[in-house]
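Architecture at a glance
So you can see what is in the structure, the chains are spelled out below.
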Amino acid sequence: MMELKYQKLQSILREIKSVVVAFSGGVDSTFLLKAAVDTLGAEHVLAVTADSETYPSSELEEARVLAEQIGVRHIVIETSELAIPGYTENDKNRCYFCKSSLFDHLIPILNEHGFQNVVYGVIADDMNEFRPGMKAAKEKGIRGPLQEANLFKEEIRMLSRQFHLSTWDKPSFACLSSRIAYGETITKEKLTKVEKAEAYIKSLSVRQVRVRTHGDTARIEVEPDDMALVLEYHAAIDKRLKQFGYKYVSLDLAGYKSGSMNKSLERDIQYS
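Residues numbered from 1 in each chain as written. Predicted model: local features only at pLDDT ≥ 70, side-chain atom pairs only at ≥ 80, totals over all residues. Heavy atoms only, no water.

Looking now at the overall build of the protein chain. Summing up its helical and strand segments, the protein chain has 11 helices and 7 strands in all. Since a compact globule built from 272 residues should have a radius of gyration of about 19 Å, the 19 Å found for the protein chain is in line with a globular shape. Of all 272 residues assigned to the protein chain, the portion counted as buried reaches 50%. For the protein chain, long-range pairs separated by at least 24 residues make up 74% of all intrachain contacts whose partners lie at least 6 apart in sequence. (Helix = DSSP H or I, 4+ residues; strand = E, 2+ residues; numbered from the N terminus. Rg over C-alpha atoms; globule rule 2.2 N^0.38 Å. Buried < 20%, exposed > 50% of the residue type's maximum accessible area, 1.4 Å probe, protein only. Contact = heavy atoms within 4.5 Å.)

Let's shift gears to helix H3 (residues 57-70). Taking 1.5 Å of rise per residue, the 14 residues of H3 would be expected to cover 20 Å, and the 20 Å separating its terminal C-alpha atoms lies within 8% of that figure. As for H3, its buried residues are in contact with helix H2 (27-40), strand E2 (45-51) and strand E3 (73-78). Backbone geometry just downstream of H3 places Gly71 in the positive-phi region, at approximately 85 degrees. (Expected span 1.5 Å × (residues − 1).)

This part is about the nonpolar core. In this structure, Leu9, Phe31 and Val45 are the most contacted members of the largest nonpolar core, which totals 34 residues. Sorting the residues of this core by element identifies helix H1 (2-16), strand E1 (19-22), H2, E2, H3 and helix H7 (153-162) as the ones contributing at least two each. Ranked by residues supplied to this core, first place goes to H2 with 8 residues. Membership of the second largest hydrophobic core comes to 23 residues, among which are Ile84, Tyr87, Ala197 and Tyr200. (Core = buried A, V, L, I, M, F, W, Y, C linked by side-chain atoms within 4.5 Å.)

Let us look at the confidence of the model for the protein chain. In the predicted model, the protein chain carries a mean pLDDT of 91, and the fraction of residues at 70 or more is 94%. In the predicted structure, residues 267-272 sits below a pLDDT of 50 and forms 4 contacts with residues beyond four places in sequence or in another chain. (pLDDT = per-residue confidence, 0-100.)

The next subject is helix H4 (residues 94-113). Its 20 residues give H4 an end-to-end C-alpha distance of 30 Å, which sits within 8% of 28 Å, the value for a rise of 1.5 Å per residue. Regarding H4, the residues found buried are Arg94, Tyr96, Cys98, Ser100, Ser101, Leu102, Phe103, Leu106, Ile109 and Leu110. Packed against the buried residues of H4 are E1, E2, E3, strand E4 (117-119) and helix H5 (133-140). Just downstream of H4, Gly114 is the residue with a positive phi angle, here 70 degrees.

As structure tokens, then:
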């Protein structure tokens, strides 16, 4: 079944003929980029990474390395989500504003190179989650080949491993703004605080971490297997995160969950 889905993905890419890939260096966009290069040839693929306040510098460097390994042209553009009208207010449409702006930056690049379409790494799993960015993609005619081929995250990881991509077991990543509670204004200072806090906790050999920010409180999410490690270093973590600007530091006993901030929007999502 997985192999049939990959063949479907290749068919979709051949139909498009040439693509600009919105490339973050994460599991999904890396696999999409590799599939596009293998299917269409490197001359028909361009990877574009948007460097902004919400994108950690470590991720940018990894994206550069991955693009070089795959053997594809790679452009890094400078963007600023904080300059997008409506973004810093951080309501439920934040991701819509972000993706809409991103695609507005990519479409001129598409036209400049004479390619057929912009593609991005939306996957089948995302159809069951609150993803306002998909509305922006639909409005602007942006394609999501992985989702169209009905590929799920675990299948993408398995295929990535088959293709010897180092991202096959990379922890999931989302922009730093997703750590800040809805309704709280997003600022450069808050994003920097989150980035530093997560980088420190990862340095303790914690694989997957989110530092959810609720005012001056840090709510740490890690996988259940890493909770003992966080507790072992609890004093050091508490001290360091308070140095970064948090007043309270807590561990969420429910563990890491992608999109956990959306829990506060369930009523709005249901009735909007």
